[in-house]
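The residues making up each chain are set out below.
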Amino acid sequence: MRQSVRLLPAARCSARALRLHSTLPEHSTISDASQPRINELGIPMLSPRLHAQVFGQDPAPADPARVQEAVAHLSEHGLWGRTADVFDEPQIDIPPLSSESLEEHFRLEAERQAGPYRRLLEALVAGEIPAPPPPAGWRLQPGWTRYLPGGSAAPVDAPPCDALVFDVEVVVRRQLPVLATAVSPHAWYGWVSPYLLHETPPSAASSGLLLPQLIPLEPSGAVPSADRPRVIVGHNVSYDRSWVREQYRLRADGTRFVDTMSMHIAVGGITSQQRSMLMGARRPADSRPRRAPPADLDWMTQTSMNSLADVYKHYCGEKLDKDERDVFIKGDVQDVRAQFGQLMNYCAGDARATWRVLRRLLPDFLERFPHPVTLAGMLHMGQVYLPVGPAWQRYLRLCGETYDDLENELSAALRRVADAACRAAHRRRHESDVWLWDLDWSVAEMKVKKVTAAAAKRAAKAAAAAEAPAVTRKGKKGRKKAEVAGPPRLPADWQKPCRRLTEAEFDSDTPLPQPLAAWFAPLWATAERLYKRQPLLPGYPKWYRELCNKDGSGLTELTTSKRVVPKLLRLTWDGHPLHYDRRFGWGYVVPGRPDDPGDPWDGGTAAEGVCSGDEPEWWDEDAARHAERTDHSSEEGAEDGSAFPLPSLLAVCAERGDRPLSDTEALPVPDVNLRGASFYPLPHRDGLGNNVGNPLSKHFLAQAEAGVLRAAAGAGSSAERVLRISQTISYWRNNQERILSQRAVLASADQQPPSVTESAEFSGGQLYGAILPQVKVAGTLTRRAVERTWLTASNVRSDRLGSELRAMVQAPPGYHLVGADVDSQELWIAAVISDSAFARIHGSTAFSWMTLQGKKSEGTDLHSRTAALVGVSRDLAKVLNYGRIYGGARPFAVQLVRQHSGGLPAGELERRVAETYRSTKGSRRWTLNERGRAALGRVREMAEDMEDPDPLLSELLDWPEDEPWPPAQLIRLARLSGAAHHWKDLAARPVWHGGTESFMFNKLESLASELQPATPVLGARLSRGLEPQLVGDNFTPSRVNWVVQSSAVDFLHLMTVCMQWLMETCHIEGRFCISIHDEVRYLVRSEDRYRAALALHITNLLTRSLFSLRLGLDDLPQSVAFFSGVDIDKALRKDATNDCRTPSNPHGLHAGYGVPPGEVLDIHQTVARVGPSPLPTGRSAGAECSGNAGESGG
């Protein structure tokens, strides 16, 4: 039930009047409460009962002075006095915490989950490698072999130790693991694939790997146990993990994988700009451009690139030989067999290098990331597991078949378009076509032998027999050449003896009836004069021949990536024809040249009078006809622009009407000389100065969908079809290589656990298994996870082939996928940080209030406010807001709006963006330092001696000393004080002032500028490569962005630790599945799915509460306490109710794959299903609901 509470106006506000206390009994339901609990600023908070379970004590009262400051701030931005929505809160019983303190509970649970693995890692690097050089000889025998320091070797089922450094080598062309080595504190281990000895290896085109082909790390028949902690270390270890047999089991065991690459990135990662600088520094000194002083590049000594060779050299100071790697990349199994000993040494060398890197890196990592939640979260993130079944292979097959069909249709449509354009050569129509005029229309002539006397004599006889007159040709100087017979004159009734040939007669050698046979006889007689080798397609234009196969079999080279295709399709940009220039890439052409003094063209009317179809006064129709009749060479005309067909351009522009240019900020390029027209480059996603290479690339899909990029009217149905097909296949074309490379390891029925085979959904003939994505758990500077396919998968689109990729991850029989998106994660984190820096009350800053309580219907939420300020859609405003919080400056916003929302007058876009930044981020001001305070004191002493002070001086003296000062006042202070310093010498660090987000940005910049920047919740340190003592004030946007993004990673790690605690405490059988940005998914038993949903809601509650507590706010707003909805589904789709219809799945998931719609449950619906607690004791009522839902396909 929702209630509306009217906030008191600012004039009547007091801390006592604003606080509404609830009298909720200890065990009563929320409906028994007489009033909801509202904080001092009108933000609905947790009920007293739930607050007591989470925080343990009543929240501390707010300082009345700070409340008044917050009210004044909210009133300034028009947010005070609005209605707040309050929701009834269901009764929830959180399982008992491990400690009375929420902070201590998370620390204890994280230590319990990660402590055993940390101790194993410390023990692994505490001693020396047993045999620093690998064993003297390696045994070529299948399976594992243990090599002891004394030189003895014996076969084993698997390495029995609990801590290993592990490395795998794979024959790439077959995607088959052939060698592996591992080292422990006591022995070396080597694994050899049986395919390396005698068995026939599988081909790369086979349906996939099976479990017996993978590397075992446990003895055969061993039962997986989560009670035995075991740690495997590797560099980019997710790749090695994907070849381990036991990791494809449905039930997770106690083995965890530690990635030294991720640890290095967290400790010493760098930005993309630094990466470019680091790579440039590797070049020889004489080939490098001049760089900044060495002091600015000290960070280069503290970090490196991420490969094992680079990391090993950085931490250990030695070079790692990687020459043998090419054998695995380019060779085959027999090549590995031939160099077995050498390649085993290479594999062992990588394992030894990884061990030495870990030994140097682990102490630094534990020092810079002291909270156990960080290590525990990374261990959980390394357990990514995507279940797949029969749908996966079907999806790949249908996508491939549909893609081939559409590609064939696309090729046929392109051939039709090219053939139609080629016919423009007749009567030289191409010269008057605005798209075709500058193509290369030169043709190659057939090679013909000279006429010999014998040939002339034979031709004369043939002519005499046909009674055809001979044609005498004159040679040089009037001398007669050999007479060649011409065609006979056809009688008037020549058609009477002729009839229409049948298809069989046409294909046969049936002679033609007279007089046609005689008519064509001279032509056939020239066959003996032709050379055997002729040019490709003589008589066809050169641009057409370049698209054909060399044997003349057809337009086999014609694809949408060819430069000529946009011209053949007659593409336009907002109604203007596209044109290609070698220097400036693709652009569009607009009538008129503003740089021509003889051209009375006004830049402001480019699309008004001229493009309306009315011929301008200066247009000479007779001159135009003369220009069209003039025989210009294609090359010469294209070079100087004199052959440009302006009438054709005017006709095309007439169809767009008198609309103004969509991009009023675009400027023409004066260096492109087109007669009577201007060239405007297409907007590039990287901004001005970058050329567009192909307007049909994926970066212009949005413009094509919006109709900005389209085929001109009259271009024909084939051109429109090409555009539509290009959009449809774009996703699969760009991602098919990555999707096809995913390794789905499937198991038969006898290899499945009883929880699957005993399910009513199980079919004995089906194979079920999993994909283990190669996720780098800390792949960026901000410690975000990185993976090329699944973490970047787009949302499903009805017109995108293969975009249902995520929905092909489907839970096996007896299981469900349960997960949720963290609502506005980064925005809320930034809002809490801003509140902690201001009044330490939730909703005290305008930014936080809009995040927590803003309403789309009233235009008070963050995205609606920005949309109104800039004049763009709310979706685009959302991108602008996130970009600004991540450090994007005004040029970024201008470029983004220019690309996606045109039509604003010249200069108006810049003004709106500037006003938006002043309203949100604020204006730059400075606080006074000690020197500035002394200067202000001198000015005050001077003013005391003045009888009538100057008004400007009075204004200066009235400025509050503790308030931030604008530059104008500081300049005035420096001048009046007589100081010989620059005004910046009187100021401390700059701050943002007057905007809705000023407090947030000031706090973020303060955190990023500390001597040792760390996240405010878990204390995770910034990478060495960006610490202020090394980079100074450089890379500030990256460091500010790091505070929010890295805090979001802390949030995710806290969630995984909390969810693991709840699943173990509540006996919920399942495992972590995947995290995609701010989204988490778990694979759980179907009978536990509703308790898992409630556990996720509680996880969100506790994680956000800890965030608030660590930032000094011992309370939590009601609006963010629970997920807006938890998805319970059989597929990993973004929206549990989306049927995912696409060109490759036209029938949808339900009809095509038998996957029913899922459920999306808010906290009230979840509690109604399972009761107030996720503990098994509350299962009876929830189980009945669960059974009923299962019958309806939930």
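Residues numbered from 1 in each chain as written. Predicted model: local features only at pLDDT ≥ 70, side-chain atom pairs only at ≥ 80, totals over all residues. Heavy atoms only, no water.

On to the overall build of the chain, then. Across its full length, the chain holds 40 helices and 26 strands. Contacts spanning at least 24 positions in sequence make up 73% of the contacts within the chain whose residues lie at least 6 apart. Entry remark: accessible area of the chain is about 53900 Å², with carbon and sulfur atoms responsible for 50%. (Helix = DSSP H or I, 4+ residues; strand = E, 2+ residues; numbered from the N terminus. Contact = heavy atoms within 4.5 Å. Areas by Shrake-Rupley, 256 points an atom, 1.4 Å probe, with all protein chains shown as cover.)

Of all 5 residues in strand S7 (residues 188–192), 5 are buried, a share of seventy percent or more. Summarising the sheet, strand S3 (residues 143–147) and S7 pair through 5 bridges and their orientation is antiparallel. Looking across to S7, one finds that Thr145 is bridged to Gly190. In the sheet, strand S6 (residues 176–183) pairs with S7 via 5 bridges, with the strands oriented antiparallel. Counterpart to Ala180 in the pairing with S7 is Trp191. The antiparallel hairpin formed by S6 and S7 contains 4 residues in its connecting segment. (Buried < 20%, exposed > 50% of the residue type's maximum accessible area, 1.4 Å probe, protein only. Pairing = 2+ DSSP bridges.)

Moving on to the packing of helix H32 (residues 951–958) against helix H33 (residues 967–976). Orientation of H32 relative to H33, taken along the N-to-C sense of each, is 110°, at an axis distance of 11 Å. Here H32 is positioned roughly perpendicular relative to H33, judged by the angle of their axes. For the element pair H32 and H33, the recorded crossing hand is left-handed. Here Leu952, Leu953, Glu955 and Leu956 of H32 lie close against H33, whose contacting residues are Gln969, Arg972, Leu973 and Leu976. The residue makeup of the contact of H32 with H33, split by class, is 5 nonpolar, 1 polar and 2 charged. (Axes fitted to C-alpha atoms, helices over the stretch in contact; angles between N-to-C directions. Parallel < 35°, antiparallel > 145°, perpendicular 65-115°, else oblique. Left-handed = near helix turned anticlockwise from the far one by under 90°. Nonpolar A, V, L, I, M, F, W, Y, C, P; charged D, E, K, R; others polar.)

Both S3 and strand S4 (residues 153–156) contribute to a ladder of 4 bridges, which runs antiparallel. Note on S4: the bridge partner recorded for Tyr147 is Ala153. What sits between the antiparallel neighbours S3 and S4 is a turn of 5 residues, in which Gly151 has the positive phi angle 105°.

In a packed pair of helices, the relevant descriptors are the angle between the two axes and the axis-to-axis distance. In the contact formed by helix H12 (residues 372–381) and helix H36 (residues 1036–1065), the axes pass within 8 Å of each other and the chain directions differ by 75°. Relative to H36, the element H12 is oriented roughly perpendicular. Counted together, Val373, Thr374, Ala376, Gly377, Met378, His380 and Met381 of H12 and Leu1052, His1053, Leu1054, Thr1056, Val1057 and Gln1060 of H36 form the full contact between these two elements. A per-class count over the contact of H12 with H36 returns 7 nonpolar, 6 polar and no charged.

To continue, consider the packing of aromatic side chains. Under the counting rule described, the total for this entry stands at 24 aromatic pairs. Seen from their ring centres, Trp959 and Trp965 are 6.3 Å apart, and the 55° between their planes marks the pair as tilted. The exposure classification of Trp959 matches that of Trp965, with both residues buried. Here the aromatic cluster, defined as three or more aromatic residues joined through ring pairs, consists of Trp392, Tyr395, Trp732 and Trp790. The ring of Trp828 carries the charged tip of Arg1104 above its face, separated from the ring centre by 4.9 Å. (Phe/Tyr/Trp six-rings, centres within 6.5 Å; stacked < 30°, edge-to-face > 60°. Lys NZ or Arg CZ within 6 Å of the ring centre and 35° of its normal.)

Consider a sheet: its strands pair through backbone hydrogen bonds, and that pairing is either parallel or antiparallel. Spatial strand order, S23-S24-S20-S25-S26: 5 strands in an open sheet with antiparallel pairing. Both edges of this open sheet fall to strand S23 (1070–1076) and strand S26 (1159–1161), since each of them pairs with a single strand only. For this sheet the average axis-to-axis angle between neighbouring strands, irrespective of direction, equals 20°. Alignment of strand S25 (residues 1126–1129) against S26, held across 3 bridges, turns out to be antiparallel. Considered in S26, the bridge of Asp1127 is made with Val1160. The strands touched by helix H37 (residues 1089–1110) within the sheet are strand S20 (815–821), strand S24 (1079–1085), S25 and S26, with S20 carrying the most contacts at an inclination of about 20°.

Turning our attention to a nonpolar patch on the surface. There is a patch of nonpolar side chains on the surface, built from Trp519, Phe520, Leu523 and Trp524 and spanning about 400 Å² of accessible area. Mapped onto the secondary structure, Leu523 falls in helix H16 (residues 516–525). (Patch = residues over 30% accessible without salt bridge, like charges linked within 9 Å, V, L, I, M, F, W, Y side chains within 5 Å. Salt bridge = Lys/Arg side-chain N within 4 Å of Asp/Glu carboxyl O.)

Residue placement: Leu179 occurs in strand S6. In this structure, the C-alpha to C-alpha distance between Leu179 and Trp144, residues 35 residues apart in sequence, is 9.9 Å. Apart from the residues within four sequence positions on either side, Leu179 is in contact with Asp167, Val168, Glu169, Trp191, Leu196, Phe328, Val336, Phe340, Leu343 and Met344.

With respect to the element layout, Val897 can be found in helix H29 (residues 890–900). Exposure remark for Val897: the relative accessible area of 0% places this residue in the buried category. With 27 residues separating them in the primary sequence, Val897 and Val870 have C-alpha atoms 8.7 Å apart.

Residues spaced three or four apart along an α-helix face the same direction, because each turn holds 3.6 residues. For H37, built from 22 residues, the straight-helix expectation of 32 Å at 1.5 Å per residue is met to within 8% by its first-to-last C-alpha distance of 31 Å. Counting buried positions along H37 gives 20 out of 22 residues, so the element sits mostly inside the fold. Remark: Gly1112 follows H37 within two positions and exhibits a positive phi of approximately 90°. (Expected span 1.5 Å × (residues − 1).)

This brings us to the confidence of the model for the chain. Here the chain shows a mean pLDDT of 84. Residues at 70 or above account for 83%. For the stretch residues 291–295, pLDDT sits under 50, and the model shows 6 contacts to residues farther than four places along the chain or on other chains. Within the model, the stretch residues 1178–1194 combines pLDDT values under 50 with 25 contacts to residues more than four positions away or in other chains. (pLDDT = per-residue confidence, 0-100.)

Under the criterion given, the structure shown has 53 salt bridges. Here Glu109 and Arg112 are joined by a salt bridge, their closest N and O atoms 2.7 Å apart. Of this pair, Glu109 and Arg112 both sit in helix H4 (residues 102–126), separated by 3 residues, roughly a single helical turn. Among the salt bridges present, the one from Arg800 reaches Asp799, with a minimum N-O distance of 3.1 Å. Judged by its relative accessible area of 27%, Asp799 falls in the partly exposed class.

Attention now moves to unusual backbone geometry. You will see that Arg570, though not glycine, has its phi angle at about 55°, which is positive. At Arg840, a position not held by glycine, the phi torsion is positive, near 55°.

As a further point, take the environment of Leu46. Within the element layout of this structure, Leu46 appears in the loop between helix H1 (15–18) and helix H2 (48–55). Measuring from C-alpha to C-alpha, the distance between Leu46 and Ser1119 comes to 8.9 Å, with 1073 residues separating the pair along the chain. For Leu46, the contacting residues outside a window of four places in its chain are Arg37, His51, Phe55, Glu89, Leu1101, Asp1115, Leu1116, Gln1118 and Ala1121.

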